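Commentary on secondary and tertiary structure
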Amino acid sequence: MRKRFPYRKAPPSRRLTDQCAQIIRISEPIKRSWAEKLGLDLRELLSDGPYKERYRREMIEWSDRKRLEDAGFFCRQACAAVNKEIVIVSDVRRKTDLQYFRETYGERAKTVRIVASEKTRSVRGWVFQEGVDDVQSECDLDDVTEWDLAVCNESDANVDDLLDKIEKLL
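What you are looking at is a predicted structure, and each value in this text was computed from that prediction instead of being measured. (Residues numbered from 1 in each chain as written. Predicted model: local features only at pLDDT ≥ 70, side-chain atom pairs only at ≥ 80, totals over all residues. Heavy atoms only, no water.)

What follows concerns the overall build of the chain. Looking only at helices and strands, one finds 8 helices and 4 strands in the chain. Here the C-alpha atoms of the chain give a radius of gyration of 16 Å, agreeing with the 15 Å that 2.2 N^0.38 yields for 170 residues. Over its C-alpha atoms, taken along the principal directions, the chain stretches across nearly 45 × 35 × 30 Å. Counting only residues that meet the buried cut, the chain has 35% of its 170 residues in that class. Contacts spanning at least 24 positions in sequence make up 76% of the contacts within the chain whose residues lie at least 6 apart. Counting every atom, the chain has about 11000 Å² of accessible surface; 50% of that belongs to carbon and sulfur. (Helix = DSSP H or I, 4+ residues; strand = E, 2+ residues; numbered from the N terminus. Rg over C-alpha atoms; globule rule 2.2 N^0.38 Å. Buried < 20%, exposed > 50% of the residue type's maximum accessible area, 1.4 Å probe, protein only. Contact = heavy atoms within 4.5 Å. Areas by Shrake-Rupley, 256 points an atom, 1.4 Å probe, with all protein chains shown as cover.)

Here's what the structure looks like:
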């Protein structure tokens, strides 16, 4: 089971607000389509719990097949909800996703790679699952070196410093 790390929030006056920015997730249309296809609880699939983990491997395999038919399918669906000037895509996981955003948005698209060691990720609740965490959906970007910004988010990282670097890129 994956757990979210409880990040310390920066004061709202210093950071991007929902007035000008929004977060979209490519995983949302994947999970929505999968839930509709199998009659599953979308809210539970969107969570970080055992319900999602029960369907995760099959959902990844299905979404990979869908991408073979149309590499930008889920990116386009996620972008349909865009209504702000600044859009943060939180879960780009494949080279085809990067390609879609670079080709569609050109110089306006900025790429940020956020990494943490396996030790730090484990402390945050990550547990390696063979056949899930070693497949394309998790590893396809590991050999990409062309990022507008790369930041290391270890347990001793200053969140405000990381956010400052990202905001400077914008």
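Here we take up the packing of helix 1 (residues 27-38) against helix 3 (residues 50-69). Two elements in contact, helix 1 and helix 3, have axes separated by 10 Å at closest approach and are oriented at 105°. With respect to their mutual orientation, helix 1 and helix 3 come out roughly perpendicular. Contacts between helix 1 and helix 3 involve I30, K31, S33, W34 and K37 on the former and, on the latter, K52, Y55, E58, M59, W62, S63 and R67. Grouping the amino acids of the contact of helix 1 with helix 3 by side-chain chemistry returns 5 nonpolar, 2 polar and 5 charged. (Axes fitted to C-alpha atoms, helices over the stretch in contact; angles between N-to-C directions. Parallel < 35°, antiparallel > 145°, perpendicular 65-115°, else oblique. Nonpolar A, V, L, I, M, F, W, Y, C, P; charged D, E, K, R; others polar.)

What follows is about helix 3. With 20 residues, helix 3 should cover 28 Å at 1.5 Å per step; its first-to-last C-alpha distance of 29 Å lies within 8% of that length. The largest bend along helix 3 measures about 50° and falls at R56. Residues of helix 3 that are buried include every one of Y51, K52, E53, Y55, R56, M59, I60, W62, S63 and R67, and no others. Looking at the buried positions of helix 3, the neighbouring elements they touch are helix 1, helix 2 (42-45), helix 4 (73-79), helix 5 (95-105) and helix 7 (136-139). (Expected span 1.5 Å × (residues − 1). Bend = angle between axes of the 7 residues up to and from the residue.)

Before going further, it helps to examine a nonpolar patch on the surface. Taken together, the side chains of L16, I23, I88 and L170 present a nonpolar region at the surface, about 340 Å² in accessible area. Mapped onto the fold, I88 is located in strand 2 (residues 86-89). By relative accessible area, I88 is classed as partly exposed at 37%. (Patch = residues over 30% accessible without salt bridge, like charges linked within 9 Å, V, L, I, M, F, W, Y side chains within 5 Å. Salt bridge = Lys/Arg side-chain N within 4 Å of Asp/Glu carboxyl O.)

Formed by 17 residues in total, the largest nonpolar core has its most connected members in I26, I30, W34, L40, L45, Y55 and F101. For this core, the secondary structure elements donating two or more residues are helix 1, helix 3, helix 4 and helix 5. Apart from residues no more than four positions distant in its own chain, W34 is found in contact with L40, L45, Y55, E58, M59 and W62. (Core = buried A, V, L, I, M, F, W, Y, C linked by side-chain atoms within 4.5 Å.)

Before going further, it helps to spend a moment on the confidence of the model for the chain. Taken as a whole, the chain shows an average pLDDT of 85; of its residues, 92% reach a score of 70 or greater. Across the chain, the secondary-structure element scoring lowest on mean pLDDT is helix 7, at 77, and the one scoring highest is helix 4, at 95. This model gives residues 1-13 a pLDDT under 50, and the stretch forms 28 contacts once residues within four places in sequence are excluded. (pLDDT = per-residue confidence, 0-100.)

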